[in-house]
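# Chain and residue survey
Here's the letter readout for the chains.
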Amino acid sequence: MENNTSKGLGIHARRFIAYVVLIFITFLCLFWFWVLFVNATRSNSDLTRGFSPWFGDNLVANWTNLMAGTLPVFKGLINSLIISSLSAVLCTYFSSMTAYAIHAYDFKLKKFMFTFILMIMTIPTQVTALGFVQLVDTMKLDNSFIPLIVPAMAAPVTFFYMKQYMESTLPLAIVEAARIDGSGEFRTFNTIVLPMMKPAIAVQAIFTFVSSWNNYFTPALILTDEKKKTLPILIAQLRAADFLKFDMGQVYMMIAFSIFPVIIVYLLLSRFIVQGVALGSVKG
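Residues numbered from 1 in each chain as written. Predicted model: local features only at pLDDT ≥ 70, side-chain atom pairs only at ≥ 80, totals over all residues. Heavy atoms only, no water.

Where helix α4 (residues 73-104) contacts helix α11 (residues 198-214), the two axes come as close as 8 Å, and the packing angle between them is 140°. Accordingly, the angle class assigned to the pair α4 and α11 is oblique. Classified by chirality, the crossing of α11 by α4 is right-handed. Facing L77, S80, L81, I83, S84, S85, S87, A88, C91, T92 and S96 of α4, the residues of α11 in contact are I201, Q204, A205, T208, F209, S212 and W213. For the contact of α4 with α11, the class distribution of residues is nine nonpolar, nine polar and no charged. (Axes fitted to C-alpha atoms, helices over the stretch in contact; angles between N-to-C directions. Helix = DSSP H or I, 4+ residues; strand = E, 2+ residues; numbered from the N terminus. Parallel < 35°, antiparallel > 145°, perpendicular 65-115°, else oblique. Left-handed = near helix turned anticlockwise from the far one by under 90°. Contact = heavy atoms within 4.5 Å. Nonpolar A, V, L, I, M, F, W, Y, C, P; charged D, E, K, R; others polar.)

This part takes up the pattern of salt bridges. Charged atoms that come close allow side chains of opposite charge to pair. For the structure on display, the rule yields six salt bridges. The salt bridge involving K163 is made with E167; its shortest N-O contact spans 2.3 Å. Placement of the pair is K163 and E167 together in helix α8 (residues 156-169), with a separation of four residues, close to one helical turn. The class for E167 is partly exposed, based on a relative accessible area of 45%. E185 is paired through a salt bridge with R179; the nearest N and O atoms lie 3.1 Å apart. For E185, a relative accessible area of 31% gives the class partly exposed. Look at the salt bridges and you will find they share partners, linking E176, R179 and E185 into a network. (Salt bridge = Lys/Arg side-chain N within 4 Å of Asp/Glu carboxyl O. Buried < 20%, exposed > 50% of the residue type's maximum accessible area, 1.4 Å probe, protein only.)

In structure tokens, the structure reads:
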């Protein structure tokens, strides 16, 4: 009886510690969003005085000054949405297709191709940047969204995640049964495999969208036309203003404005993540 009581107390103690740690981590994650939104409501003079946890009264003025400036904020938002959305869709679809090919087919170079794709993960973007810019210039694709969208289709990290997910959730017997029933390979992939991969696709779509949305390095090398620049480039230009025109309140307002689409995408796709976790727990 005493052993059961001590075990019960131990379980409650571990659960209490787990909740405390989770609450602390949640606070750390949300605190910086709170600081961002608070600073977006404060004036530049208030921000220079230091940190404040309370909202200011300069929200409307910061927004008005931002819109009255020369930066095409809404155009930058549309540009970022186009690049990030298409990158997320193409990346998850073709990475899933590549992972399916490696998972479902047997061929001589299977292990080599898997290893080769993983080796590409170790190459930093900065190493290939010069050659990439020269290739884009040779193909006359400067100031175009194509060099920012098409290369996103080849994402080794997304491929590896999809491959590992397929190994745990996609039995090859299902693929064989579909083939016996006369289903073509593309039909099998689109109607059977992809629906089973919804949780993984949702996770990687969020990661790819956020990565593309926050990408400053590559768009800054490719895009020079003011009307085609993305939000990270415009934010950098706003921060680079001279001393007399610099307004930190506008900078925080633009950063706060730029993260709303990311939050919306996460809210739309998070239900698939939760659904996948629930299904996994039921199957277990």
